[in-house]
Each structure stands twice: as C-alpha cells, then as structure tokens.
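Residues per chain are reported as follows:
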Amino acid sequence: MSFAPDITEQLARARADLRMGVPVVLSGDAPAIVMACETLTAQRLTDLLALGGAPVLAITARRAETLKARVYDGDLARLALPVDATPAWVQSIADPADDLRSPLKGPFDCARGGEVTVHRAALLLAKTARLLPAVLVLELPQGAEFATQHDLTQLDIAQAFEAMSHRSPLHPVVNARLPMEVSEASRLHIFRPEDGGEEHYAIEIGRPDRNAPVLSRLHSACFTGDLMGSLKCDCGPQLRAALAQMGQEGHGVLLYLNQEGRGIGLTNKMRAYSLQDQGFDTVEANHRLGFEDDERDFRLGADILKSMGFSAVRLLTNNPRKVEMMEGSGIKVAERVPLRVGENRHNEAYLATKAAKSGHLL
C-alpha cells in the first residue's frame, strides 16, 4: 500500500509551488532546481546564487525574438544570469510591460549545445501554472537529496514531460436541470480533469438526438466579454447568440471551456491588453509575452461530446482550427455554421487581426 502522490498529483503540487515562489526540483539525467521568474523574490535569488554553478534564465523563442536574444534550441533560449542580476532584472526579461521604456536589456550570453529537456519541461510547467513562461534553472547533480533536505516538490523530468504533453482525461461529475432564458429545458453538465485543473462545462439545450449532428459551440471562457460586457472582443455576443440559436432550434450543446485568454489565463490576458494599449495587435502581444498565437486545446470539447454520446456536430464557429481539431479528434463536423456578431469600433482591429493572422472566417 502506498499513499505517495503519482506524477499527476506531483505536477499539481509543483504548479502551486511555482505560483507561490517556491522552487521545485526536476530529477533525471540532468537534475535541476527550477524557479518561476514571475514569483521570484530577492531572498530566493540570493539562495539560488549561493548554491554556486551557473544558473540560466530559460525563455521561449517567442520572447527571445522580442529581446533579440539568440535562439539555439529551437523553441527556447537559455540566457546566462549576470553576476549582478537582481529580481527586477530577471522579471524584466520575463515581463514585456516596460520593453518600450527600457528596450536595451542585453547583450545576452546565450547557451548553445547540451541537453535542454529540463528547460523545456520547466517552461511548460510554468505555462500550465498560468505564469509567464520564463524560469531560472540551475543544474544540481544532487537534486534528489537537495529536494528531500529542503522539503521541495520533486518531479521526474521524463515522467513530467510525458504527463504534460497529453491532455488530462475528463470525467463527468454531475449534471442537473438549469432552466434558462433561452430554454427552460436545459441541463448543466460538469466535467473535471484528473490533473487537478479547472473544470469544464456543457450546457445541453433540450434533448438532442445522439444519432444526428448536434448544433454545438466550443466557447472559451472570457470573463471580460461574457460577464463584464467588454467591447474589446466579440466573445459575449457570440456566447449569447449561440445559446439563442440553440434555444430557437430547441436543441444544442454549448461547451464552456475554461481556457481564458486563448489558454494563457486572465492575468496574462490582461498583460496582453496592456501591450495592445501600447500599440501591439493581439497576436504580437501574445508573442511578446512568450506565448504562441493560441494556446488552447479544443480537443477537450471533442472529449466531452463523445462522453455525452455525440459523434457529429453542426459547429457554430468562425475558426477553422476548431473544425480541424474536432475532425482530428473523431467528431465529424457536418456543417460549419457562421457566427458573425459583436463587431464594434473598439474591436475592429482585433477582429481584423484574427482574420488576417489566425485565419478566422470573418
């Protein structure tokens, strides 16, 4: 009998530790201690430097492009940490908020060659913790002993990377009747992932035929648009229009996926908004933060639909990527149903960028 946490549970602990500024240890062929730059404190940095060795600051290739740092490792860059590095300097590398005010942060001494699996795993861990993708990494040959001595969460690098490279299975928790304005015959289904992440929801309108394509919408959570009536996006109008159409037809399934800000979280989304105020478009803002154009995984929607007994949809979307992910995950898209609503003077440029750079059919 063992009560020890498995790799999924260890990852949940590690994400929480990084968000609180606590280091974690990745063990394997190249053990290392890892800290998130966003939550770094002066004392933690002092303690890290006291260990000796040569810490590096790992950032994504997207962030490196903004900083004009050389990328030798494909999707990431490793910057040598200056001897006089401060938390403020480290966080200025991670966070682009003051890039325009203080653009000259280099020159950077970028590592070349060697194993980067630990750095890649650490960056992915920071991303999945909804932190800026920038981490301090110090190789530590006695990583396992160090983790035990200091009560730090320890992850096997290979196991962690494998677990984070696959989406967590979703399980239905409960469903109940939920009369709504668009339809009194509605139910809300809750699905919970095994990895301790955020739950996702399915709003079922009426009793759709499981043997026919169901009118469906993959809707990513948008606190600002869905709840606050933000005019910077078209999310709120799309949500309400999709539900209204399902109510009019008498059936449908709206999948409400907790992937705020195209999968980067509300905090990072607000950082992107701040960069948009500086003149960058929505894609450029994501890149400057170190993220890709879109970090969402719409296969979650396919998993939920299959769990509910559906195999085909009429998909309410302007995004061809959603169609591709549905088809690639075993859900037939019998029809793409356009959903063009919500344009206003505040989001004209945003929608134009989605069409020009993300392929949305607007």
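The notes below deal with the structure included here. Here the structure is a predicted model, which means the values were calculated and not measured.

Scoring rules and cut-offs
Residues numbered from 1 in each chain as written. Predicted model: local features only at pLDDT ≥ 70, side-chain atom pairs only at ≥ 80, totals over all residues. Heavy atoms only, no water. Pairing = 2+ DSSP bridges. Helix = DSSP H or I, 4+ residues; strand = E, 2+ residues; numbered from the N terminus. Axes fitted to C-alpha atoms, helices over the stretch in contact; angles between N-to-C directions. Buried < 20%, exposed > 50% of the residue type's maximum accessible area, 1.4 Å probe, protein only. Polar contact = N/O pair within 3.5 Å; in protein donor to acceptor, adjacent residues only side chain to side chain. Contact = heavy atoms within 4.5 Å. Core = buried A, V, L, I, M, F, W, Y, C linked by side-chain atoms within 4.5 Å. Salt bridge = Lys/Arg side-chain N within 4 Å of Asp/Glu carboxyl O.

1. Remarks on the sheet that holds strand β10 (residues 214-220)
If you trace the seven strands from one edge of the open sheet to the other, you get β7-β8-β9-β11-β10-β12-β13, paired in mixed fashion. Of all the strands in the sheet, just β7 (170-177) and β13 (332-337) have a single pairing partner and so form its edges. Pairs of neighbouring strands in the sheet enclose a mean axial angle of 25 degrees, with direction left out of account. Pairing between strand β8 (residues 186-193) and strand β9 (residues 200-205): six bridges, direction antiparallel.

2. Observations regarding the pairing of strand β3 (residues 56-60)
Among the five residues that make up β3, five are buried, leaving the element largely enclosed by the rest of the structure. Side-chain alternation along β3 places V56, A58 and T60 on one buried face and L57 and I59 on a second face that is also buried. Alignment of β3 against strand β5 (residues 134-139), held across four bridges, turns out to be antiparallel. Counted as the bridge partner of I59 is A134 from β5.

3. Points about the environment of A61
Checked against the element boundaries, A61 lands in helix α3 (residues 61-67). For A61 and L76, which are 15 residues apart along the polypeptide, the C-alpha to C-alpha distance reads 4.5 Å.

4. So, the side chain of S216
Along the chain, S216 falls in strand β10. Assessed through its relative accessible area of 0%, S216 is described here as buried. Of note is the side chain of S216, whose polar atom sits 3.1 Å from the backbone oxygen of V253. Those residues in contact with S216 that lie beyond four places of it in its chain are M246, V253, L255, L305, V313, R314, L315 and L316.

5. What about the nonpolar core?
Among the nonpolar cores identified, the biggest contains 37 residues, and L57, I59, L79 and L136 are the most heavily contacted of them. The element best represented in this core is helix α4 (residues 87-94), accounting for four residues. Residues within four places of I59 in sequence aside, it is in contact with A64, L67, L76, A77, L79, I93, L123, P133 and A134. Listed in part, the 26 residues of the second largest apolar core include A122, A126, V135 and A160.

6. Some points on the pattern of salt bridges
In total, this model carries 20 salt bridges according to the counting rule given. Put simply, R120 and D75 hold a salt bridge, and the shortest N to O gap is 2.8 Å. Of this pair, R120 sits in helix α5 (residues 117-128) while D75 sits in the loop between α3 and β4 (76-80); the two residues are 45 residues apart in sequence, bridging distant segments of the chain. Residue class for D75 comes out partly exposed when judged on its relative accessible area of 39%. Measuring nitrogen to oxygen at the nearest pair gives 3.8 Å for the salt bridge that ties D95 to R271. With a gap of 176 residues between them, D95 in the loop between α4 and α5 and R271 in helix α11 (residues 266-277) connect regions that are remote in the sequence. Three or more residues joined by partner-sharing salt bridges are found here, namely E38, D95 and R271.

In short, geometric facts, not functional conclusions.
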